[in-house]
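# Fold and contact review
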2 protein chains.
Amino acid sequence: MKLTKNQQLVYEALKQAEMPQTAYNLLDGLRDEGLRAPPQIYRALDKLLELELVHRLESLNAFVACAHQHHNDGFSAFSICNDCGAVEEFNLPQVSEILSDWSSQKAFVAETTTIEVRGHCAKCART
Amino acid sequence: MKLTKNQQLVYEALKQAEMPQTAYNLLDGLRDEGLRAPPQIYRALDKLLELELVHRLESLNAFVACAHQHHNDGFSAFSICNDCGAVEEFNLPQVSEILSDWSSQKAFVAETTTIEVRGHCAKCART
DNA sequence: ACGAATTGTGTTATGTTATTACATATGCTA
DNA sequence: TAGCATATGTAATAACATAACACAATTCGT
Ligand SMILES: [Zn+2]
Ligand SMILES: [Zn+2]
Ligand SMILES: [Zn+2]
Ligand SMILES: [Zn+2]
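Residues numbered from 1 in each chain as written. Chains lettered and ligands numbered in written order. Predicted model: local features only at pLDDT ≥ 70, side-chain atom pairs only at ≥ 80, totals over all residues. Heavy atoms only, no water.

### Side note on the domain arrangement of chain A
Residues and elements named next belong to chain A. Taken as a whole, chain A is organised into domain 1 (5-65) and domain 2 (75-126). Of the roughly 770 Å² buried between domain 1 and domain 2 on both sides combined, carbon and sulfur atoms contribute 57%. Among the residues of domain 1 in contact with domain 2, His55, Leu57 and Ser59 are the three that bury the most area, contributing 47% of the side total. Linking domain 1 with domain 2 are zero salt bridges, by the criterion used here. (Domains from an automatic or database assignment. Buried area = accessible area lost by both parts, 1.4 Å probe. Salt bridge = Lys/Arg side-chain N within 4 Å of Asp/Glu carboxyl O.)

Spelled out as structure tokens, the structure:
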């Protein structure tokens, strides 16, 4: 799967970043590369989300590169520290399983499932 | 627990509504009651969220009244139809359990956990 | 009952996030 | 090489959320 220039720029920027980035963060960081307007960022993000190379953190309005090799099941789960902003992506097959079962029962056709656990990371909780 | 006038207005509006409402939807609906500016809505919502009488649907930037009697575990889960916008709140204790275990292992202190399953409801998927 | 502290309110202005609309360009394929 | 789908650049605008300030109401200890 070949990414276009803007898609690569945004993807690389997200992989470099150690923290979630908003669209406007990304835009600021990529001005030198010639990106100048929000749609350029959002369009690249749309494609990357579709490919699941990137996830959107709904509760932060921010984006991260997928921490795993590549998945295409539409499931993602994160813990997010309210103090330092650290984010960790995790995968709990049991949870996916239970949610799939629930969907089947309800005849709901799931496309994407997002889990966001907000609180305090080990480091911040210690203080 | 006693709600103030604005909090009651917003809460009632959300309970009446059969669909998730954005803050600006609520504002429009409550102009006749004297509410005129976004902060009045957002402040009421903040309080209602804190009491968990209301939930925020992160992926929609919208709000719903809690479908359950009252819970205070910070945990909520929804299915959201991308076609008709219908939302269903559900509760899967097993999932809460697994996520709690994961948090414990990671020494992550969870405050609120949100699950949003997006896709197509039974009715919309049939067509 | 009094004053202080806290909480809620009303309002204006502003900040942040995301999309619409339209013109142009690029790459593929019939 | 014409047509089509996809990508890009740009300006303008829409949608969502908060900051800051003045004032009113409520709570609580004395
Ligand atoms: Zn991932
Ligand atoms: Zn932290
Ligand atoms: Zn609830
Ligand atoms: Zn539906």
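After that view, the rundown keeps rolling.
### Side note on the coordination of the zinc ion (ligand 4)
Geometry sets the ideal angles at a metal, namely 109.5 degrees for four tetrahedral donors and 90 or 180 degrees for six octahedral donors. Residue and element names in this part refer to chain B. Ligation of the zinc ion (ligand 4) by protein atoms is provided by Cys81 (SG), Cys84 (SG), Cys121 (SG) and Cys124 (SG), these donors lying 2.2 to 2.3 Å from the ion. Seen from the zinc ion (ligand 4), its four donor atoms lie at angles of 106 to 113°, and the figure they make is tetrahedral. Each donor residue of the zinc ion (ligand 4) lies on the same chain, and together they follow the pattern C-x2-C-x36-C-x2-C. Here the residue Cys81 occupies a position in strand β3 (residues 75-81), and Cys124 occupies one in helix α5 (residues 122-126), the gap between them amounting to 43 residues. An identical accessibility class is assigned to Cys81 and Cys124; each is buried. (Donors = N, O, S within 2.8 Å, 3.2 Å for Na, K, Ca; no water. Tetrahedral: all angles 85-135°; square planar, octahedral: opposite > 155°, others 65-115°. Helix = DSSP H or I, 4+ residues; strand = E, 2+ residues; numbered from the N terminus. Buried < 20%, exposed > 50% of the residue type's maximum accessible area, 1.4 Å probe, protein only.)

### A short note on the packing of helix α1 (residues 5-16) of chain A against helix α3 (residues 38-50) of chain A
Residues and elements named next belong to chain A. For the pair α1 and α3, the least separation of the axes is 9 Å and the interaxial angle reads 80°. On the basis of the axis angle, α1 is roughly perpendicular to α3. Counted together, Asn6, Gln7, Val10, Tyr11 and Leu14 of α1 and Gln40, Ile41, Ala44, Leu45, Lys47 and Leu48 of α3 form the full contact between these two elements. (Axes fitted to C-alpha atoms, helices over the stretch in contact; angles between N-to-C directions. Parallel < 35°, antiparallel > 145°, perpendicular 65-115°, else oblique. Contact = heavy atoms within 4.5 Å.)

### Re the packing of helix α4 (residues 93-106) of chain A against helix α4 (residues 93-106) of chain B
Their axes nearest at 10 Å, the elements α4(A) and α4(B) cross at an angle of 165°. By the angle between their directions, the pair α4(A) and α4(B) is classed as roughly antiparallel. Every pair of crossing elements has a handedness; the one defined by α4(A) and α4(B) is left-handed. From α4(A), Gln94(A), Val95(A) and Ile98(A) reach across to α4(B), where they touch Gln94(B), Val95(B) and Ile98(B). A breakdown of the residues in the contact of α4(A) with α4(B) according to their chemical character gives four nonpolar, two polar and no charged. (Left-handed = near helix turned anticlockwise from the far one by under 90°. Nonpolar A, V, L, I, M, F, W, Y, C, P; charged D, E, K, R; others polar.)

### Describing the pairing of strand β3 (residues 75-81) of chain A
All names here are of chain A. Burial analysis of β3 places seven of its seven residues in the buried class, which makes it a mostly covered element. Side chains of β3 alternate between two faces, with Phe75, Ala77, Ser79 and Cys81 and Ser76, Phe78 and Ile80 buried alike. Bridge count for β3 against strand β5 (residues 109-120) is seven bridges, and the pairing is parallel. In the sheet register, Cys81 faces β5, and the bridge partner there is Gly119. Direction of pairing for β3 relative to strand β4 (residues 87-90): antiparallel, over a ladder of four bridges. Along β4, the bridge assignment pairs Ile80 with Val87. Two successive antiparallel strands, β3 and β4, enclose a turn made up of five residues, where Gly85 displays a positive phi of approximately 80°. (Pairing = 2+ DSSP bridges.)

### What to know about the side chain of Glu89(B)
With respect to the secondary-structure elements, Glu89(B) resides in strand β4 (residues 87-90). The charged side chain of Glu89(B) is buried without a salt bridge, its nearest counter-charge being Lys106(A) at 12 Å. Separated by 3.4 Å, the side chains of Glu89(B) and His68(B) make a polar contact. Those residues in contact with Glu89(B), other than ones at most four positions away along the chain, are His55(B), Ala65(B), Cys66(B), Ala67(B), His68(B), His71(B), Ser76(B), Ala77(B) and Phe78(B). (Lys, Arg positive; Asp, Glu negative; His and termini not counted. Polar contact = N/O pair within 3.5 Å; in protein donor to acceptor, adjacent residues only side chain to side chain.)

### Description of the interface of chain A and chain B
How big an interface is tends to be expressed through the accessible area that disappears when the partners come together. Listed as interface residues are 34 residues of chain A and, on the opposing side, 34 residues of chain B. Carbon and sulfur atoms supply 65% of the area buried between chain A and chain B, which totals about 2900 Å² over both sides. Among the residues of chain A in contact with chain B, Ile98(A), Trp102(A) and Phe108(A) are the three that bury the most area, contributing 21% of the side total. Run the count over chain A and chain B and you get two salt bridges. With its nearest N and O atoms 2.9 Å apart, the salt bridge here joins Lys106(B) to Glu88(A).

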